Amino acid sequence: MFQEDGLSIEGWGRPFAASVCFVGVTLAGPAAATETIVVASERRAIALRDVASSISVLNEDEVLRVSPRAPAELLNRAAGTFVQSGSGREHLTAIRSPVLTGGAGAGSFLFLQDGVPLRAPGFANINALFHASFPFAQQVEIVRGPGDVAYGSNALHGAINVRTPDAGEAANLASLSYGSFQRTRAVVTGSTKRASTGISYLRDGGYRDNSGVDEFKSFSSIALGNSTLRITSHQLNQETAGFVIGDNAYEEDELRRTNPNPEAFRDVRHVLVSLETPFDRGGWSGTVTPYVRWTDMEFLQHFLPGDALEENEHTSLGFQSTAFRQLTDRLELTAGFDLDATRGSLREFQENPTVFSFVQGLHYDYNVDAVEAAPFARISYQATEKLRLQAGLRGTFTHYDYETEAEPGTVGRFQRPDDRTDDFSVATGKVAALYDLSDEQSVYLSLARGARPPQTTELYRIQINQDVSDIEPETLDSLELGWRADAGWGQMTIAGFAMKKENVFFRDADGFNVTDGETTHIGVEIEAVLPINDVLTISGSGTYAEHRYDFDRVVGNTSEVIEDGDFVDTAPKTLASARLLYTPNDRFTFEATYTHVGQYETNAANTVSYPGHDLLDLRAEIQLNDRVSIAGIARNVTDQRYARRADFAFGNERYFPGEERAGEVVLRARF
């Protein structure tokens, strides 16, 4: 069975199409390809070849083989995707974008668990992927570019959907692993005829000083008549390691494993409950999915002067609905309505003495009641036997009711708005055409607009010289052309895209929030899986992309003045992952994985950069008998000194150092 993964075109520092590196798709064996089915684009099972979007798919076999300690290890196999691991389970994400931080990093990507958003629309978090049930994933789908009209807020640059097993489909499997840096993990999954469940516990001693992690996850899928009740939970307690500071500090062995912020921590609790109910009546078929969501988090903001403590939580009640109707033999209508009602709060307090304008004492303390309603519709028309046309529209209406528990006004650099309400209306849409060149090849063309209303933190955790009324929804217009092939020689997808984003919200070098930025994004991505013979397969993904500022910004810190045409910082032009999979028989599997991250700028003025890195991982698994297997994993085999994240702030180069050579042994037993 073939699984589609990411593939990309790699410039390797040379002109655009200089070379191609294959990577990505997962293969369980060299048999003939089976049709890849996805749900992330339309909230129903649909063949990937019928989707006018770029979607990478990682299946259960690949999840087990990778045994990811963090989302980045798995997701960075896909084209156009670059997730930077931070300390513990923290991370930052890029999908056809720079690595985004703050509200933009939280609000520009839609993270889903079985099709339901992991966080409420206005209360996203840049680390939200750590809630997802990766240890139990049956399939992971990565949508690159603005989401289809079935998904709205936060699906600006892309979406990631982690699918757990349906009731009765989970393997009866237990695994125990031990690895470098005192890492131990136990995962158990099982099923009966009407239910599937799983638990995962991870204990990580930490690569760096005072950076240990305890993490618990669980999932359950229970059949209740025709409905499926899904319950996932996540609890995280981590000690957090901050940046190491200094020129190329990630290369210095005496600095790499130190922790300048031993006091930093993050504690998280998260529960998501949904009831997926299909229906088929009156010519309509589809699903209605009510859900309840709760999350609570506290962490020390070690990345800012003053180390303020943030406490935030939110509780949501909502539902998603999607319906399909065949109007004629050639015409299909899709319609739906989503509603999310959330109450959230945020409190920020700095115990440490004042540092610059980061003053000691209370910064913010507020509550927000939020309601988001979103109707959508799409028409699909089979114009000819080979040509399909699609057009869809989604309206998103957001209402925020903000109330401050702290005295309104300005304290240091922090501005507390008075009680207020805010309303935003955005329209997103997509028109697309798909054309079958043959039974094995097709092309698609799409023009889409994505948009996101501001996050509550962007509106109400503001700074001096900022006016809430000046903040507008971000918009992203995208043009994409793609080609797919699924034939006897293998699978391949090539996609080219050009995007323009307006009303970009980010923090400049003076530490102030900018609300009217513009950026452009253009690139090419490739995914492929190519069987060489019955036992050997090459697969891969690669990306060449340029992300540029499309405006000027003069700041007091003259070393970081933004000029139109500068590259956006933390945006590698080249990304690639290549894999060689060797399966001589059904008892032995060997995989070699090469990962490339190209050079990228670390400040907005493009005066400081990180050179990039190349890593090699090896994985092998032996089936000892019908029930028991043992696997060995060697990461960073060549013992490279590299940075997971490189940054420039407050006049300093700063890094999250990557780990040295590390090993892990995984014992699995089926019961």
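The structure this text deals with has already been given above.
Because the structure is predicted, anything quoted here is derived from the model rather than measured. (Residues numbered from 1 in each chain as written. Predicted model: local features only at pLDDT ≥ 70, side-chain atom pairs only at ≥ 80, totals over all residues. Heavy atoms only, no water.)

Chemist: When you look at the overall build of the protein in this model, what are you seeing that I'm missing?
Modeler: When helices and strands are tallied, the protein shows 5 helices and 43 strands. The C-alpha radius of gyration computed for the protein amounts to 24 Å, which stays within 12% of the reference 26 Å derived for 671 residues, consistent with globular compactness. With the C-alpha coordinates of the protein rotated into their principal frame, the extents come out at 65 × 60 × 50 Å. Per-residue burial over the protein gives 58% buried out of 671 residues. Considering only residue pairs separated by 6 or more positions, the protein has 66% of its internal contacts joining residues 24 or more positions apart. For the protein, the accessible surface area stands at approximately 24,900 Å², while carbon and sulfur atoms represent 55% of it. Charge centroids of the protein, computed over 60 positive and 94 negative side chains, lie 5 Å from each other. (Helix = DSSP H or I, 4+ residues; strand = E, 2+ residues; numbered from the N terminus. Rg over C-alpha atoms; globule rule 2.2 N^0.38 Å. Buried < 20%, exposed > 50% of the residue type's maximum accessible area, 1.4 Å probe, protein only. Contact = heavy atoms within 4.5 Å. Areas by Shrake-Rupley, 256 points an atom, 1.4 Å probe, with all protein chains shown as cover. Lys, Arg positive; Asp, Glu negative; His and termini not counted. Charge placed at Lys NZ, Arg CZ, Asp CG, Glu CD.)

Chemist: Which parts of the structure should I look at to understand the environment of Gly 107?
Modeler: Looking at the secondary structure, you find Gly 107 in helix α3 (residues 102-107). Under the relative-accessibility criterion, Gly 107 is labelled buried at 0%. For the pair formed by Gly 107 and Asn 154, sequence separation is 47 residues and the distance between their alpha carbons is 4.8 Å. Residues within four places of Gly 107 in sequence aside, it is in contact with Ala 124, Asn 154, Arg 452 and Gln 455.

Chemist: Help me out: how do you make sense of the sheet that holds strand β41 (residues 643-649) in this one?
Modeler: Across the sheet, 3 strands lie side by side as β19-β42-β41; this open sheet has antiparallel pairing. Sheet topology places β19 (244-245) and β41 at the edges, where each strand pairs with a single neighbour. Examined bridge by bridge, β19 and strand β42 (residues 652-657) share 2 bridges and lie antiparallel to one another. By the bridge assignment for β42, Ile 245 is matched with Arg 654. (Pairing = 2+ DSSP bridges.)

Chemist: What exactly am I supposed to notice about the packing of aromatic side chains here?
Modeler: Each aromatic ring pair is described using two quantities: the centre-to-centre distance and the angle formed by the ring planes. The full count for this structure, using the stated rule, is 16 aromatic pairs. Aromatic pair Tyr 250 and Tyr 610: ring centres 5.4 Å apart, planes at 70°, arrangement edge-to-face. Of the two residues, Tyr 250 sits in the loop between β19 and α4 (253-256) while Tyr 610 sits in strand β38 (residues 609-610), which places them 360 residues apart along the sequence. Accessibility classification places Tyr 250 together with Tyr 610 in one group, the buried group. (Phe/Tyr/Trp six-rings, centres within 6.5 Å; stacked < 30°, edge-to-face > 60°.)

Chemist: Which parts of the structure should I look at to understand the pattern of salt bridges?
Modeler: Side chains that differ in charge, positive against negative, can pair when their charged atoms come close. The final tally for this structure, using the stated rule, is 56 salt bridges. Across the salt bridge formed by Asp 647 and Arg 654, the nearest N and O atoms sit 2.8 Å from each other. Under the relative-accessibility criterion, Asp 647 is labelled buried at 8%. Its relative accessible area of 12% is what places Arg 654 among the buried residues. (Salt bridge = Lys/Arg side-chain N within 4 Å of Asp/Glu carboxyl O.)

Chemist: Honestly, the sheet that holds strand β27 (residues 414-416) in this entry has me stumped. Any pointers?
Modeler: Strand pairing in a sheet relies on backbone hydrogen bonds. The paired strands run either parallel or antiparallel. Pairing is antiparallel across the open sheet formed by 3 strands, whose spatial order is β26-β27-β30. Only two strands of the sheet have a single partner each, and these edge strands are β26 (409-411) and β30 (462-463).

Chemist: What am I meant to see in the nonpolar core here?
Modeler: Generally speaking, nonpolar side chains in soluble globular proteins are found buried as a group. Ranked by internal contacts, the top residues of the largest apolar core, which has 26 residues, are Leu 75, Phe 134, Val 140, Ile 142 and Ile 160. Those elements that provide at least two residues to this core are α1 (60-66), α2 (71-75), β10 (109-113), β12 (139-144) and β13 (158-163). Of all hydrophobic cores here, the second largest spans 20 residues; its members include Phe 358, Tyr 400, Tyr 402 and Tyr 460. (Core = buried A, V, L, I, M, F, W, Y, C linked by side-chain atoms within 4.5 Å.)

Chemist: Mind showing me how you'd approach the side chain of Glu 660 here?
Modeler: Turning to its location among the elements, Glu 660 is positioned in the loop between β42 and β43 (662-670). Within the structure, the side chain of Glu 660 is placed 2.9 Å from the side chain of Tyr 207, a separation counted as a polar contact. Beyond its immediate sequence surroundings of up to four residues, Glu 660 is in contact with Tyr 207, Arg 256, Arg 257, Arg 635, Asn 636, Asp 639 and Arg 641. (Polar contact = N/O pair within 3.5 Å; in protein donor to acceptor, adjacent residues only side chain to side chain.)

Chemist: Got a minute to help me understand the environment of Leu 112 in this structure?
Modeler: Structurally, Leu 112 is set in strand β10. Between the C-alpha atom of Leu 112 and that of Ala 159, which follows or precedes it by 47 residues, the distance is 7.4 Å. Setting aside chain neighbours within four positions, we find Leu 112 in contact with Pro 117, Leu 118, Tyr 151, Ile 160, Asn 161 and Val 162.

Chemist: Explain the pairing of strand β34 (residues 536-549) here, please?
Modeler: Two faces make up the sheet, and in a regular strand the side chains alternate between them. With 10 of its 14 residues buried, β34 lies for the most part within the structure. Inspection of the sheet shows β34 paired to strand β35 (residues 574-585) by 9 bridges, in the antiparallel sense. Note on β35: the bridge partner recorded for Ser 541 is Ser 577.

Chemist: I tried to follow the side chain of Asp 338 on my own but got confused; where do I start?
Modeler: Mapped onto the fold, Asp 338 is located in strand β23 (residues 331-350). Of the polar contacts made by the side chain of Asp 338, one reaches the backbone nitrogen of Ser 321; its length is 3.5 Å. Not counting residues up to four positions away in its chain, the partners in contact with Asp 338 are Arg 43, Ala 150, Phe 319, Gln 320, Ser 321, Glu 372, Ala 373, Ala 374, Phe 376 and Arg 394.

All we've got here are geometric facts, nothing functional implied.
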